[in-house]
Amino acid sequence: MERKSVYSVCGMCTVRCPMMATVEGNRVVHLQGNPHAAGIKGALCARGAAGGALVADDERPQFPMIRAGERGEGKWRRASWDEALGHVAGELSRIREAHGARSILLSDRGGPFRDMHRAFLKALGSPNYCNHDSACARNVQHAALSLFGFGRKDVAYDYKNSKHVVLQTRNIFEAINVKEVNDLLDAKEAGAKITCIDVRTTVTAAKADNFFLVRPGTDYAFNLAVIHELLARDLYDKAFATAWIKDLDALKAFVAPYGPDFAARETGVPAARIASLAAQLAAAAPAVIWHPGWMTARYGDSFAVCRTAYIINALLGSIGAKGGLPLVNKPGHVGKKGLKNLVDLFPKPADKRVDGVGWMEGRTHFEAGPGLVNLAFEAIESGEPYPVKAYIAHRHDPLMAFPDSADVRRRWKNLELLVAVTFSWSDTAWNADVVLPMSPYLERESMIAGKSGVSPSFFVRKRALDPRFDTRADWEIYRDLARHMGIKELDFDSIEDIWKFQLADTGVALGDFEATGMVKLGGPLYRPVDDKTFKTGTGKIEIVSPKLEADGVPSLPPYAAPAVPPEGSYRVSFGRIGLHTQGHTVNNPLLFAQMPENELWIHTGEAAKLGIADGALVEVRNGSHAGTLKAKVTDGIHPETVFMVHGFGHTLPVESRARGRGVADNELMPRGMATWDKGGGGVCMQEHFVTVRPA
Ligand SMILES: Nc1nc2c(c(=O)[nH]1)N[C@H]1C(S)=C(S)[C@@H](COP(=O)(O)OP(=O)(O)OC[C@H]3O[C@@H](n4cnc5c(=O)[nH]c(N)nc54)[C@H](O)[C@@H]3O)O[C@H]1N2
Ligand SMILES: Nc1nc2c(c(=O)[nH]1)N[C@H]1C(S)=C(S)[C@@H](COP(=O)(O)OP(=O)(O)OC[C@H]3O[C@@H](n4cnc5c(=O)[nH]c(N)nc54)[C@H](O)[C@@H]3O)O[C@H]1N2
Ligand code: SF4
Ligand SMILES: [Mo]
């Protein structure tokens, strides 16, 4: 049988590595990273390599379904696409008629493929587009905005050319982005140093030159001490600071009491080691990256931690520097035109956002784009500032991504329509009124995506296989919904027509993607910082942010030590593992076989006190929320915390493998959605204590 290679984009996680599939007939014979993509080196991670198992898995939604019993009861009626989409369109029209377009909410998982569904929502007239990010990186985004006036993705991490990389709350070798991992390993080989700051010994810690095992929740103290050292010992980049940092004196005065001795008491790290780190960084500057964190929806002060990370980068002159955090280039920076967006075809909805983002008191400093979906859920419950009655969860599983699924479900009670668009089962799909099954990424094509960076590019995902089941591509789903609702602008006959629309102004033709699946637009280009770089009021990096202060958020909040868990209790901490993506790969046959359940990391001394042996079953509990899993007894974790990999503890009968294996960390955070950071917008998921005992 004939073999062919198809350029695609991996969809096993949100990183979206460019890839190449070799197919024979309607079967995948090989998956690899796109050999033409810089830094990918033809590689995929273990999850990417398991993409074929996702296609082969029968335990995914195979056809559109409409709820037949109560919400969450699992009684479904099979529907044709025409019926399911007609039903959704009818309900959306009815709800829009009764409550206005603004009563329709859509949330997704961010990323480069959002244009079609965002355009659909805007065409309906609703301002209520949200993404997942208040459970992920909102604190980082708002930290960047508050200091630089631009977002976190307007700078890149130039690992490849870096001389010292600090990974704080960032487990780069297990929470994987293939290009970043390859680039950092190359830099390490060329002599770059790695510093890891974590509450446990991760794979990243094992590869680090400096490893700091800190008391959970004390990173702010650590960072203040580093700033203290850089300033007190004149280790900072004076030329850069003078030119571009505003309020340096205020910063100096603020950190005066927060020297290394103070930080040593808080973090447990010897003062001399903190001072030494500051000196090492100064020696490597400006080719330094102090990573501001990614999954930072953890503590009440995580936003402050992210801000101090960026401030350290600024003091080292690494903002805009090669080997540091260079300014990202959009097509315009290399003399090209960007993709045309469907979302621009429709007028901005007149109504204000239901989550209050951008206009409500205390929320004016938040970025309106993706809002804060947790606050939209509160509005569903309260009906304030206005009712929300329809919700489309597109590639988003808030019941696993936010604390306490029963609490989230309770907030959704007032919904008259809940639609899940997904390629796997999820708690959210199970609790929906309508499930619209998307084809897995190998069985669909996607809109052309633009990637900004030192070298900006466009890339395309083509269809490698025909769908095995009655599933569809997202562009087909929203195109057909648009047809049902008479939205002519989104009525495209084929994906090629959409691609042509996107490329219209760019000078790039469809055929240009044939050879490599990508089109490089220019670069590498390192642009120096200039007086147009920072989009703040003063054109400088504003340590004291007028926008924050206007909303009552202090720019430089005093350090407050994290609460000490009561005797016999532990702070719950969580994170990722190389073998799984969030909650949606546990039931993947290949990945399940590699890691069927999570375990509870607990410190050796604490386990001895509790009479828990390595590998023994333990019960972990917070109030009425409890679960049972195996203990991993280790010296490599701080005694105040227990850790588990997120995404386990599935309960759905349709997931025969994942069901009943391990524990869901999110269920150990009762009513946790209500605790969120007023500065950065992130939910504070690690502000919860659990008890542990032999099961
Ligand atoms: N394999 C894999 N890779 C992924 C993903 C995936 O699901 N699987 N998901 C992707 C996504 S969406 C994201 S957001 C990123 C997340 O990327 P990361 O944020 O790097 O990943 P995490 O494992 O959530 O957290 C990193 C580390 O923070 C540590 N930590 C916990 N509490 C503290 C603390 O108080 N102080 C310090 N210093 N450290 C602490 C944890 O022990 C953990 O090792 O990964 C991406 N890549
Ligand atoms: N307690 C706790 N909560 C967390 C975390 C944690 O570590 N602990 N991690 C947080 C982080 S970092 C993040 S990013 C969020 C992630 O949480 P979510 O935003 O919900 O993300 P995923 O689990 O990646 O995907 C959600 C759903 O989309 C489906 N899906 C995945 N890819 C596709 C696709 O290409 N198309 C379609 N249609 N569907 C798809 C999946 O099957 C899954 O059901 O959770 C956050 N919540
Ligand atoms: S990091 Fe792994 S799972 Fe994520 S897109 Fe890349 S290859 Fe796929
Ligand atoms: Mo994330």
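Residues numbered from 1 in each chain as written. Chains lettered and ligands numbered in written order. Predicted model: local features only at pLDDT ≥ 70, side-chain atom pairs only at ≥ 80, totals over all residues. Heavy atoms only, no water.

A. The arrangement of the overall build of the protein in detail. What the protein contains, in helices and strands, is 22 helices and 25 strands. Radius of gyration (C-alpha) of the protein: 25 Å, near the 26 Å computed for a compact globule of 695 residues. In terms of principal-axis extent, the alpha carbons of the protein reach across some 70 × 65 × 55 Å. For the protein, the proportion of contacts with a sequence separation of at least 24, taken over those separated by at least 6, is 73%. When the accessible surface of the protein is totalled, it reaches about 24800 Å², and 51% of it is carbon and sulfur. In the protein, 83 positive and 79 negative side-chain charges are present, and the distance between their average locations comes to 2 Å. (Helix = DSSP H or I, 4+ residues; strand = E, 2+ residues; numbered from the N terminus. Rg over C-alpha atoms; globule rule 2.2 N^0.38 Å. Contact = heavy atoms within 4.5 Å. Areas by Shrake-Rupley, 256 points an atom, 1.4 Å probe, with all protein chains shown as cover. Lys, Arg positive; Asp, Glu negative; His and termini not counted. Charge placed at Lys NZ, Arg CZ, Asp CG, Glu CD.)

B. Examining the environment of Gly-86 more closely. Within the secondary structure layout, Gly-86 lies in helix 3 (residues 81–99). The exposure class assigned to Gly-86 is partly exposed, which follows from its relative accessible area of 27%. If we skip the residues at most four places from it in the chain, Gly-86 touches Trp-81 and His-484. (Buried < 20%, exposed > 50% of the residue type's maximum accessible area, 1.4 Å probe, protein only.)

C. Summary view of the site of ligand 1. Taken together, the neighbourhood of ligand 1 is formed by 32 residues, with Asp-198, Asp-219, Tyr-299, Arg-576 and His-580 sitting nearest. Ile-176 places a polar main-chain atom, nitrogen or oxygen, 2.9 Å from a nitrogen atom of ligand 1. Within the backbone of Gln-582, an N or O atom sits 2.9 Å from an oxygen atom of ligand 1. When the free accessible area of ligand 1 is taken as 920 Å², the share hidden by the protein chains comes to 99%. (Near = heavy atom within 4 Å. Polar contact = N/O pair within 3.5 Å; in protein donor to acceptor, adjacent residues only side chain to side chain.)

D. Spatial organisation of the site of ligand 3. Taken together, Cys-10, Met-12, Cys-13, Val-15, Arg-16, Cys-17, Leu-44, Cys-45, Arg-47, Gly-48, Ile-176 and Val-178 form the complete shell of residues around ligand 3. Looking at side-chain class alone, the shell around ligand 3 contains 9 nonpolar, 1 polar and 2 charged residues. (Nonpolar A, V, L, I, M, F, W, Y, C, P; charged D, E, K, R; others polar.)

E. Just the UniProt feature "domain: 4Fe-4S Mo/W bis-MGD-type" (unreviewed entry) in the protein, in detail. Mapped onto the present numbering, the UniProt feature "domain: 4Fe-4S Mo/W bis-MGD-type" (unreviewed entry) falls at residues 3–59. Regarding residues 3–59, the helix share stands at 18% and the strand share at 37%, and the terminal C-alpha atoms are separated by 28 Å. (UniProt positions renumbered as here; feature names shortened; annotations may be inferred.)

F. The arrangement of the sheet that holds strand 5 (residues 76–78) in detail. A sheet is described by the order of its strands in space; here 7 strands give the open sequence 5-4-15-14-13-6-7, paired in mixed fashion. This sheet does not close on itself; its edge strands, each paired only once, are strand 5 and strand 7 (129–131). In this sheet, adjacent strand axes meet at a mean angle of 20° when their direction is disregarded. Sheet strands touched by helix 3: strand 4 (65–67), strand 5, strand 6 (104–108), strand 13 (390–394), strand 14 (417–422) and strand 15 (434–437). Its angle to strand 15, the strand with the most contacts, is close to 130°. Against the sheet, helix 14 (residues 373–382) contacts strand 6, strand 7 and strand 13, and its axis sits at roughly 150° relative to strand 6. (Pairing = 2+ DSSP bridges. Axes fitted to C-alpha atoms, helices over the stretch in contact; angles between N-to-C directions.)

G. Geometry of the nonpolar core. In terms of nonpolar packing, the biggest core is built from 91 residues, with Phe-222, Leu-251, Trp-290 and Leu-315 touching the most fellow members. Here the element with the most residues in this core is helix 13 (residues 302–315); it accounts for 10 residues. Here this core gathers at least three residues from each of two domains, domain 1 (65–136 + 335–520) and domain 2 (157–326 + 536–550). Once residues lying within four places of it in the same chain are set aside, the contact partners of Leu-315 are Ile-227, Leu-230, Leu-231, Tyr-236, Asp-237, Ile-245, Leu-248 and Leu-251. (Core = buried A, V, L, I, M, F, W, Y, C linked by side-chain atoms within 4.5 Å. Domains from an automatic or database assignment.)

H. Structural view of the sheet that holds strand 9 (residues 193–198). In spatial order, the strands read 10-9-8-12; together these 4 strands make up an open sheet with parallel pairing. For this open sheet the edge positions go to strand 10 (210–213) and strand 12 (288–290), each flanked by a neighbour on one side alone. Averaged over all adjacent pairs, the angle separating strand axes in this sheet is 5°, with direction ignored. Taken together, the 5 bridges between strand 8 (residues 164–168) and strand 9 define a ladder with parallel strand orientation. When the sheet's bridge partners are listed, His-164 is paired in strand 9 with Lys-193. Across the face of the sheet, helix 13 comes into contact with strand 8 and strand 12 while running at roughly 170° to strand 12.

I. Looking closely at the packing of helix 8 (residues 219–232) against helix 10 (residues 248–255). In the contact formed by helix 8 and helix 10, the axes pass within 9 Å of each other and the chain directions differ by 120°. Relative to helix 10, the element helix 8 is oriented oblique. The hand of the helix 8/helix 10 crossing is left-handed. Contact residues: Tyr-220, Leu-224, Ile-227, His-228 and Leu-231 in helix 8; Leu-248, Leu-251, Lys-252, Phe-254 and Val-255 in helix 10. Of the residues that constitute the contact of helix 8 with helix 10, the class distribution is 8 nonpolar, 1 polar and 1 charged. (Parallel < 35°, antiparallel > 145°, perpendicular 65-115°, else oblique. Left-handed = near helix turned anticlockwise from the far one by under 90°.)

J. The domain arrangement of the protein, seen in detail. With domains assigned, the protein is organised as domain 1 (65–136 + 335–520), domain 2 (157–326 + 536–550) and domain 3 (569–694). Look at where the C-alpha atoms of domain 1 and domain 2 centre, and you get two points 35 Å apart. Between domain 1 and domain 2, the contact holds 5 residues from the first and 7 residues from the second. Summed over both partners, the interface of domain 1 with domain 2 buries about 470 Å², with 66% contributed by carbon and sulfur atoms. At the boundary of domain 1 and domain 2, one finds 2 residue pairs in polar contact (both at pLDDT 80 or more). For the side of domain 1 that touches domain 2, a count of residues per class yields 3 nonpolar, 2 polar and no charged. (Buried area = accessible area lost by both parts, 1.4 Å probe.)

K. Main features of the packing of aromatic side chains. Inspection of the entire model under this criterion finds 23 aromatic pairs. Between Tyr-157 and Tyr-159 the ring centres are 6.0 Å apart and the planes differ by 50°, which places this aromatic pair in the tilted class. Here Tyr-157 matches Tyr-159 in class, with each residue buried. Ring pairs connect the aromatic residues Phe-148, Phe-150, Trp-244, Tyr-310 and Phe-534, which therefore count as one cluster. The ring of Tyr-386 is capped by Arg-102, whose NZ or CZ atom sits 4.0 Å from the centre of that ring. Taking NZ or CZ as reference, Lys-632 lies 4.4 Å from the ring centre of Trp-601, over its face. (Phe/Tyr/Trp six-rings, centres within 6.5 Å; stacked < 30°, edge-to-face > 60°. Lys NZ or Arg CZ within 6 Å of the ring centre and 35° of its normal.)

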